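What follows is the residue order along each chain.
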Amino acid sequence: MADEKKGILFTILTYTIWGFLPLYWKQVDHVPSDEILTSRILWAFILTVIFILLIGGGKQLLADVKSLWQSKKTFFSLMLASYLITANWFLYIFAVTNDRIVETSLGYYINPLVSMLLGVFFLKEKLSNATKVAFGLAAVGVSILTISYGTFPWMAFGMAFSFAFYGLIKKTIKLDALRGLALETLFVLPLGLIYYAYLFSNGSASFLHEGAATDILLIISGAATALPLVLFATGAPLIPMYMIGFLQYIAPTLMLLLGVLVYGEAFDRIDLISFSFIWVALALFTTSKVMEARSVRREKLNAQH
């Protein structure tokens, strides 16, 4: 029970940090999104590798690299995952720095439903009746939003699908979260370095040109990326999957509150109706998953007796 409490604490802390991260990215919204992304890749790699070396994980990291190189399927799968998460980071940073935090929250609300849909198509998982109804309700909510916006919320769906496909690929690769992050950023690091060289060559780089505060914030972006992942890697294995699914709604809820209450983004009656459909869908989806998990646990206990 002590381990489960620790797991709950670390997981709540993870999603709380992710939920409040828009406050951080808003501090560097004078820096173009492409450079923020490049800094995040560069400094996430540097700081993660330094931390791995400090905790004595250097040999394990080298072993992971050798293992990856020996398995071409795993190598290219992780490469694809690294580009998917990079695309997700870019959309997220672009949305936050362009006053679209509400759309960001929508993306992370619908992400678990998209993940379940991918599970059906790629892993041949079966949908329960409750999940089918949840999909229908979410589709109604998104349709109302699309009609009211006049355009499809492509950024929210881009975030949801890129993260869902990333999760699907990562499901097949067994890697420590921290060392996995180092390897994922290593795949996109060459592009990041080339792009930074381009920015410096034409004098458009903000790093080292916008003052010490901006430089520090861009460097810390690496820690802002790595820290929640370390906390999640520590906490998630200690608690049941359904609990992780329930707690993950902390992040988009905080994002939504920040967007509306702190940054004054629009959230009218139509938005409320649309989000309500999605919230009901998620409540139904989560409840069905909790009941399934309890049923499986009960069957295991009965089998033991």
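Calculation criteria
Residues numbered from 1 in each chain as written. Predicted model: local features only at pLDDT ≥ 70, side-chain atom pairs only at ≥ 80, totals over all residues. Heavy atoms only, no water. Helix = DSSP H or I, 4+ residues; strand = E, 2+ residues; numbered from the N terminus. Rg over C-alpha atoms; globule rule 2.2 N^0.38 Å. Buried < 20%, exposed > 50% of the residue type's maximum accessible area, 1.4 Å probe, protein only. Axes fitted to C-alpha atoms, helices over the stretch in contact; angles between N-to-C directions. Parallel < 35°, antiparallel > 145°, perpendicular 65-115°, else oblique. Left-handed = near helix turned anticlockwise from the far one by under 90°. Contact = heavy atoms within 4.5 Å. Nonpolar A, V, L, I, M, F, W, Y, C, P; charged D, E, K, R; others polar. Core = buried A, V, L, I, M, F, W, Y, C linked by side-chain atoms within 4.5 Å.

S.K.: What am I meant to see in the overall build of the chain here?
M.R.: Each helix and strand counted, the chain has twelve helices and zero strands in total. Going residue by residue from the N terminus, the α and β elements of the chain occur as α-α-α-α-α-α-α-α-α-α-α-α. Relative to a compact globule of 305 residues, whose C-alpha radius of gyration would be 19 Å, the chain shows 20 Å and is just as compact. Each principal axis of the C-alpha distribution contributes one length, and for the chain these read about 60 × 50 × 35 Å. Residues counted as buried form 45% of the 305 residues belonging to the chain.

S.K.: Teacher, can you tell me more about the packing of helix α5 (residues 101-122) against helix α6 (residues 129-149) here?
M.R.: The relative placement of two packed helices comes down to the angle between their axes together with the axis-to-axis distance. At a closest axis distance of 11 Å, the pairing of α5 and α6 adopts a crossing angle of 140°. Classed by the angle they form, the pair α5 and α6 counts as oblique. Our pair here, α5 against α6, has a crossing hand that is left-handed. Of the residues in α6, those in contact with Leu106, Ile110, Leu113, Met116 and Leu117 of α5 are Thr131, Ala134, Phe135, Ala138, Val142 and Leu145. Grouping the constituent residues of the contact of α5 with α6 by class yields ten nonpolar, one polar and no charged.

S.K.: How do you make sense of unusual backbone geometry when you look at a structure like this?
M.R.: Residues apart from glycine generally show negative phi values, whereas peptide bonds are mostly found in trans. Positive phi outside glycine occurs at Asp99, with the angle close to 60°. Checked against the element boundaries, Asp99 lands in the loop between α4 (72-97) and α5. For Leu208, which is not glycine, the phi torsion reads 70° and is therefore positive. Taking relative accessible area as the criterion, Leu208 reaches 57% and is therefore assigned exposed.

S.K.: Looking at this structure, I do not really get the environment of Val120. What am I missing?
M.R.: Looking at where Val120 falls in the secondary structure, it is placed in helix α5. Classification of Val120 as partly exposed rests on a relative accessible area of 23%. Excluding its chain neighbours within four sequence positions, the residues that come into contact with Val120 are Glu125 and Leu127.

S.K.: I would appreciate a short explanation of the nonpolar core in the present structure.
M.R.: One recurring pattern in soluble globular proteins is that nonpolar side chains are buried together. The biggest cluster of nonpolar side chains holds 55 residues, and the ones touching the most others in it are Trp25, Ile36, Tyr92, Met159 and Tyr196. No other element matches the eleven residues that α4 contributes to this core. With residues near it in sequence (within four places) discarded, Tyr196 still touches Glu35, Thr38, Ser39, Leu42, Ala205, Phe207 and Leu218. Counting residues in each nonpolar core, the second largest holds 25 residues, with Leu168, Phe275, Ile278 and Phe285 among its members.

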